[in-house]
Amino acid sequence: MPKIRVRVDEDLCIGAASCVTIAPETFQLNEDNKAWVLDHGEEPGGSTYERWLEVTEDEKENILLGAQSCPTLAIFIYEEDGTQIFPEM
Ligand code: SF4
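Residues numbered from 1 in each chain as written. Predicted model: local features only at pLDDT ≥ 70, side-chain atom pairs only at ≥ 80, totals over all residues.

Q: Explanation requested: the overall build of the chain in the structure shown.
A: When helices and strands are tallied, the chain shows two helices and six strands. Starting at the N terminus, the α and β elements of the chain follow one another as β-α-β-β-β-α-β-β. In summary, the chain has a C-alpha radius of gyration of 12 Å against a globular reference of 12 Å for 89 residues, a match within 12%. Structurally, the chain occupies a C-alpha span of about 30 × 30 × 20 Å along its principal axes. (Helix = DSSP H or I, 4+ residues; strand = E, 2+ residues; numbered from the N terminus. Rg over C-alpha atoms; globule rule 2.2 N^0.38 Å.)

Q: Sorry if this is basic, but what is going on with the pairing of strand β1 (residues 3–8) here?
A: Side chains on a regular strand alternate between the two faces of the sheet. Judged by which residues are buried, β1 turns out to be one-sided: I4, V6 and V8 face inward and are buried, whereas K3, R5 and R7, on the alternate face, are not. Where β1 meets strand β4 (residues 50–54), five bridges bridge the pair, whose relative direction is antiparallel. Residue pairing in the sheet places R7 in a bridge with E50 of β4. Relative to strand β5 (residues 75–79), β1 is paired through five bridges, and the arrangement is antiparallel. Each residue of the ladder has a partner; that of V6, found in β5, is I77. (Buried ≥ 20, exposed ≤ 12 C-beta atoms within 10 Å, placed from the backbone. Pairing = 2+ DSSP bridges.)

Q: Just to check I follow, could you spell out the pairing of β5 for this structure?
A: Relative to strand β6 (residues 84–86), β5 is paired through two bridges, and the arrangement is antiparallel. Paired with Y78 across the strands is Q84, a residue of β6. Between the antiparallel neighbours β5 and β6 lie four residues, among them G82 with a positive phi of about 95°.

Q: What is the right way to look at the sheet that holds β5 in this model?
A: The strands making up a sheet associate through backbone hydrogen bonding, with each pair oriented either parallel or antiparallel. The antiparallel open sheet is built from four strands, whose spatial order is β4-β1-β5-β6. Edge positions in the sheet fall to β4 and β6, since each has one partner strand and no second. Between one strand axis and the next, the sheet turns through 30° on average, direction left out of account. Sheet strands in contact with helix α2 (residues 57–69) are β1, β5 and β6, and its direction is about 145° off that of β5. (Axes fitted to C-alpha atoms, helices over the stretch in contact; angles between N-to-C directions. Contact = placed C-beta atoms within 7 Å.)

This is the structure:
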């Protein structure tokens, strides 16, 4: 399964929650109204704004859709080799 790194920039996140609506298994709002990154609905190792995830192609697509929905482009997604795949450079 592809491995991706998902990062939310907490300074850019305004708590609009569109990422949560689209990909609730990956994004959840915390008490500060910022999106945390979950691993298939879980928080192994505790809450964090950045996480490596092993995902299926469908899950990867869904996470990408969540990132694309963010009005402030606060979600960054990287391939295993470090290449940033969203936002496109
Ligand atoms: S869509 Fe963007 S601004 Fe809204 S909660 Fe998610 S990361 Fe934050």
